[in-house]
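Reading the structure
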2 protein chains.
Amino acid sequence: MSHWLEDLKKAIPEERILTSLADRHSYSFDASFGEYLPEAVVQAKEKEEVVAVFKLANRYRVPVYPRGSGTCLSGGPLPVHGGIVLDMSQWPKKIDHRPDDLTVTVTPSVLTARINEEAEKHGLMYAPDPSSAHVATIGGNLAENSGGPRGLKYGVTKDHVIGLEVITPEGEVMRTGGGTIKNVTGYDLTKLIVGSEGTLGVIVEATLKLMPKPPAVQTMMVAFDHVRKAGEAISKTLTSGILPSKMEFMDQACIVAVENFKPVGLPVHAAAVVILELDGHPETLKVERKLVEEIMERIGAKEVIIPKTEEEAENIWHARKQVSPAIAKIKPTKVSEDATVPRSKIPDFMDRLQEIKEKFDVEVVAFGHAGDGNLHPNVLCDKRNKEEMKRVELAVEEMFKAAIELGGTLSGEHGIGTMKAPFMELELGEVGVDMMKRLKDAWDPNHIMNPGKIFVEKGQRLVLTDE
Amino acid sequence: MSHWLEDLKKAIPEERILTSLADRHSYSFDASFGEYLPEAVVQAKEKEEVVAVFKLANRYRVPVYPRGSGTCLSGGPLPVHGGIVLDMSQWPKKIDHRPDDLTVTVTPSVLTARINEEAEKHGLMYAPDPSSAHVATIGGNLAENSGGPRGLKYGVTKDHVIGLEVITPEGEVMRTGGGTIKNVTGYDLTKLIVGSEGTLGVIVEATLKLMPKPPAVQTMMVAFDHVRKAGEAISKTLTSGILPSKMEFMDQACIVAVENFKPVGLPVHAAAVVILELDGHPETLKVERKLVEEIMERIGAKEVIIPKTEEEAENIWHARKQVSPAIAKIKPTKVSEDATVPRSKIPDFMDRLQEIKEKFDVEVVAFGHAGDGNLHPNVLCDKRNKEEMKRVELAVEEMFKAAIELGGTLSGEHGIGTMKAPFMELELGEVGVDMMKRLKDAWDPNHIMNPGKIFVEKGQRLVLTDE
């Protein structure tokens, strides 16, 4: 190792190369499972530095693990084979708005929420709104193709990226796409790289689409006495001609957890709630709100709650955001899944979750972006309890299988990373995995770029402990 | 050749293998330039047949050229190296709607317009609406990632594809994506294959997103006495908080051509018109229509025409659809370009077109999807006139350069094919082209899949004659 470290010190100012055990420890984990010590951390601030790191990595066959703020739920930034963690969070933050083009160009270290805050000053909106937007960098969002509640109407991160500047695994600077909304010049490298989990290159600049900010929004919260009814409410609404901007689901356990955590007056006796946001012109909202109320009554909703003030509406959305921290208080370990099914299969998937819960005697709570079939079943457990964790691992495995059997996918927005690599072939089959591997091999012949992610390694299986 | 043809006859019913000169001639061209005789045509109807053709093609190194209905404007289906044309237009037509999922699964031979017609029966919409929708197959649209007027608000074909079944160049059956709206399981092969111009495989099934059909639409036609003002009108509208579903541009030459072709009462004295469509709730449309009228007055529009009846509105859109056939009457040859620029650069691009027109003394008319910066400058000429065509070729080359200098792209929606391959590096640089080539080589090691497209071949240059 020593000689590549010597070379590294020639390319990067020494104060931005971290090698102390303490520093390396703080880069050894993310928001998923497992801890892996890197040999060194580079806090990159310039393209030339990234190029130098990759050239060196190829020369010495040292793995490089790009990282934003490390909020990843699937292990994307984990340095599973040691080597170098490339910390992109210290990169100079730039947000260059071009309101007349309805675009913005950003550097990877910018926090996602900042992009939308800036856009709103121009009456525009950056649509993707992952719950982590205030702590996650856009670089991480791009690597993982993050979603969020507004994905229902506006799509996920990838749908809003039109151009990238990327350093390839071999250290070449490449531009993909550009500043135009439409572009069919050759293969769509932009959409291939966004969501590739840092395995095909490092993004150093991105041009994103903006859109006119809707003039008004209307929040509604609907309570149900049966979980299945909530599922029906979702598909009935979506086929009524209305496309809400958000349509979120919380089961009773989540409602109660939030109320115990920070009370906002959620209907704790409901089996589930669906929280909607309609956006558009105020006149339209009046009409659509009435239509939604009718649908909910027809289905037999327990209660339709319309916030009277903006503050009340904000409280409801704040409550939704509190679900994750709130349920984390119930038990020490939280396994957050994001298996996704076709919209009409949401009620069936909810039934399957109930079965799995009973079969493996595990605690499962569910919430998430039900409007696009993207539920977040969370298994609450204690990773120090080996016996329990075995049951949890089997339960999670069965959730994946259930989602795929219902025509769904392993991951709707969290990514594969280390967590789901063992299950790729289950969904994609041998050919699908092989064709993906070919792309990886063609771009990263020495496998230095975030190795150990997406593609399963020999003997790798789902492990939800940190050992 | 003879022995591979013998093998072919073992795999495909003989009546669907065409080898007569007449048949081969009818598959030797598309809607672009150049004629190339294939050695044989296979009218495939089953996956197994496509698999057999590809296995054979790899064994004998015979190129395979997939084809829908041959309406391509960039040479996508042209059998430039002979070999086999794989005619997918005879494939059994299936449209399987899943209204509760807001998806539809189709076979490649279905005409694009049919998909939307079917969706409307469920109160839904398939958004992409290329002008060729009534004659082009969805298979061709997927290969080329076709656009259309509604792309302004709803995006292009790729934005509406969630899953594919594909036969790889080596004859393996592969599924990508699936039936869910969100999916981040591994690399996004769906969006890589859509728009890859039939160079990475043949699509035999696709699952497409549907959306609620907007309850109402409002058409408006605005006339200007200066082309540049029309350009300003477009960017001012798009930054006003309104996102029209369509925003089309026609210059005077196009207006006059349409009126001479099939009179519908367009303002022939205007330098240009912008035709808008707003969609949404009727109450919203009233408000937005007023806002658009105000914007147009501020800019100094000559006239704002609001159709009084649905029929009048349809006539306006019919007129827009007639531009292409109408201008084709002016001169025997029509070179249709689709270079695209950032929205704010539309007025500059219009100025550059004027300069190019004068510099090379060529006849250029312009229309198209100005709302997303995607103009269609058309050069009207006579391909029998060698001297004129030389000037046309130079003019077109300069249009490409102008678009790229303005931060734009060679192609917004027509694709690269044979027409623009020589200019790829101009936009993408060496690294960009190399990284695309690596993908191609990794998936099609024997280069049997639509060779001679996208990537420039030795000595290849822009040629707008059929010799």
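Conventions we followed
- Residues numbered from 1 in each chain as written.
- Chains lettered and ligands numbered in written order.
- Predicted model: local features only at pLDDT ≥ 70, side-chain atom pairs only at ≥ 80, totals over all residues.
- Heavy atoms only, no water.
- Salt bridge = Lys/Arg side-chain N within 4 Å of Asp/Glu carboxyl O.
- Helix = DSSP H or I, 4+ residues; strand = E, 2+ residues; numbered from the N terminus.
- Buried < 20%, exposed > 50% of the residue type's maximum accessible area, 1.4 Å probe, protein only.
- Domains from an automatic or database assignment.
- Buried area = accessible area lost by both parts, 1.4 Å probe.
- Contact = heavy atoms within 4.5 Å.
- Polar contact = N/O pair within 3.5 Å; in protein donor to acceptor, adjacent residues only side chain to side chain.
- Nonpolar A, V, L, I, M, F, W, Y, C, P; charged D, E, K, R; others polar.
- Least-squares fit on C-alpha atoms with pLDDT ≥ 70 in both.
- Phe/Tyr/Trp six-rings, centres within 6.5 Å; stacked < 30°, edge-to-face > 60°.
- Lys NZ or Arg CZ within 6 Å of the ring centre and 35° of its normal.

1. Focus on the pattern of salt bridges
Following the criterion strictly, the structure yields 76 salt bridges over all chains and no others. A salt bridge links lysine 246 of chain B to glutamate 277 of chain B, with the shortest nitrogen-to-oxygen separation between them at 3.6 Å. Here lysine 246 of chain B, found in strand β13 (residues 246–251), pairs with glutamate 277 of chain B, found in strand β14 (residues 272–280); they are 31 residues apart in sequence, far enough to count as distant. Looking at lysine 246 of chain B, the relative accessible area reads 12%, which means it is buried. According to the relative accessible area criterion, glutamate 277 of chain B is buried, its value standing at 9%. One salt bridge connects aspartate 361 of chain B with arginine 391 of chain B, and the closest N-O pair in it is separated by 3.9 Å. Of this pair, aspartate 361 of chain B sits in the loop between α12 (346–360) and β17 (363–369) while arginine 391 of chain B sits in helix α13 (residues 386–405), and the two are 30 residues apart along the sequence. Residue arginine 391 of chain B is classed as partly exposed on the basis of its relative accessible area of 21%. Where salt bridges share partners, they join Lys47, Glu165, Arg175 and Glu205 of chain A into one cluster.

2. Looking at the domain arrangement of chain A
All names here are of chain A. Considered domain by domain, chain A is made up of domain 1 (2–87), domain 2 (95–212), domain 3 (216–325) and domain 4 (331–405). Its C-alpha centre places domain 2 at a distance of 29 Å from the equivalent point of domain 3. Ranking the residues of domain 2 by area buried against domain 3 places Pro149, Leu152 and Lys153 at the top, with a combined share of 65%. A salt bridge links aspartate 279 to lysine 153, with the shortest nitrogen-to-oxygen separation between them at 2.7 Å.

3. Overview of the interface of chain A and chain B
With 79 residues of chain A in contact, the opposing surface of chain B contributes 79 residues. If you look at where chain A meets chain B, you find 6 salt bridges. For glutamate 413 of chain A, the salt bridge is made with lysine 182 of chain B, and the minimal N-O distance between the two is 2.7 Å. There are 28 residue pairs in polar contact (both at pLDDT 80 or more) connecting chain A and chain B. Taken together, the elements giving at least two residues each to the side of chain A that touches chain B come down to β9 (173–177), α7 (189–193), α8 (227–238), α10 (282–299) and α14 (424–443) of chain A. By residue number, the principal contributor to the side of chain A that touches chain B is α14 of chain A, which donates 12 residues. By residue class, the composition of the side of chain A that touches chain B is 31 nonpolar, 29 polar and 19 charged.

4. What to know about the relation of the copies chain A and chain B
With an RMSD of 0.0 Å, the operation that places chain A on chain B is a rotation of 180° combined with a shift of 0.0 Å along the axis. This pairing of chains is accounted for by a two-fold axis. A shared interface surface links the copies, since 100% of the contact residues of chain A are contact residues in chain B too.

5. Focus: the packing of aromatic side chains
Applying the stated rule across the entire model yields 4 aromatic pairs over all chains. Arranged with centres 5.7 Å apart and planes meeting at 80°, the rings of tyrosine 187 of chain A and phenylalanine 455 of chain B form a pair that is edge-to-face. Of this pair, tyrosine 187 of chain A sits in the loop between β9 and α7 while phenylalanine 455 of chain B sits in the segment after α14 (424–443), which puts the two residues in different chains. In this structure, tyrosine 187 of chain A and phenylalanine 455 of chain B share a single accessibility class: buried. Their ring planes at 65° and their centres at 4.8 Å tell us that phenylalanine 400 of chain B and phenylalanine 423 of chain B sit as a pair that is edge-to-face. Linking phenylalanine 400 of chain B in helix α13 with phenylalanine 423 of chain B in the loop between α13 and α14, this pair joins segments that are 23 residues apart in sequence. Neither residue differs from the other here; phenylalanine 400 of chain B and phenylalanine 423 of chain B are each classed as buried. Lying over the aromatic face of tryptophan 317 of chain B, lysine 246 of chain B brings its terminal NZ or CZ to 4.5 Å of the ring centre.

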